Amino acid sequence: MSGTSPDATGLVVGGYQLKEQLGRGAMGCVYAAQDGAAGDGIALKLLHPHLAADPLRVKRFRREAKAAKSLSHPSIIRL
């Protein structure tokens, strides 16, 4: 895929070790990750690097995260 980021599996980002790429979309990639301090497993979405320089894309990415955080349902994991 041109214009998207390479697989970052194995990298440590913000204290989280990226274990496995779970999905990839137009805005970024989602990884299964592990908290280095607590050892908890999480899903972590990273914005594609080529989009990080675009303030409108960053704003959209943050708005998406805020919307996802506001959801509450037994079948939805906590953000």
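Located above this text is the structure these notes cover.
Residues numbered from 1 in each chain as written. Predicted model: local features only at pLDDT ≥ 70, side-chain atom pairs only at ≥ 80, totals over all residues. Heavy atoms only, no water.

K.L.:
Looking at this structure, how should I read the environment of Y31?
P.N.:
Inspection of the secondary structure assignment puts Y31 in strand 3 (residues 28–35). Take Y31: its relative accessible area is 2%, and that puts it in the buried class. Note: C-alpha distance between Y31 and Q17 (14 residues apart in sequence) is 9.3 Å. Apart from residues no more than four positions distant in its own chain, Y31 is found in contact with P6, D7, A8, T9, L18, E20, Q21, L22, I42, A43, L44 and L46. Within the structure, Y31 has its side chain in polar contact with the backbone nitrogen of A8 (distance 2.9 Å). (Helix = DSSP H or I, 4+ residues; strand = E, 2+ residues; numbered from the N terminus. Buried < 20%, exposed > 50% of the residue type's maximum accessible area, 1.4 Å probe, protein only. Contact = heavy atoms within 4.5 Å. Polar contact = N/O pair within 3.5 Å; in protein donor to acceptor, adjacent residues only side chain to side chain.)

K.L.:
Looking at this model, I keep getting lost on the nonpolar core. Mind explaining?
P.N.:
Ranked by size, the top nonpolar core spans 6 residues in total: A8, L18, C29, Y31, A33 and L44. Top element by residues in this core is strand 3. It accounts for 3 residues. Within the second largest apolar cluster, 5 residues are counted, among which are M27, L47, L51 and V58. (Core = buried A, V, L, I, M, F, W, Y, C linked by side-chain atoms within 4.5 Å.)

Take it as geometry only, folks, not as evidence of what the structure does.
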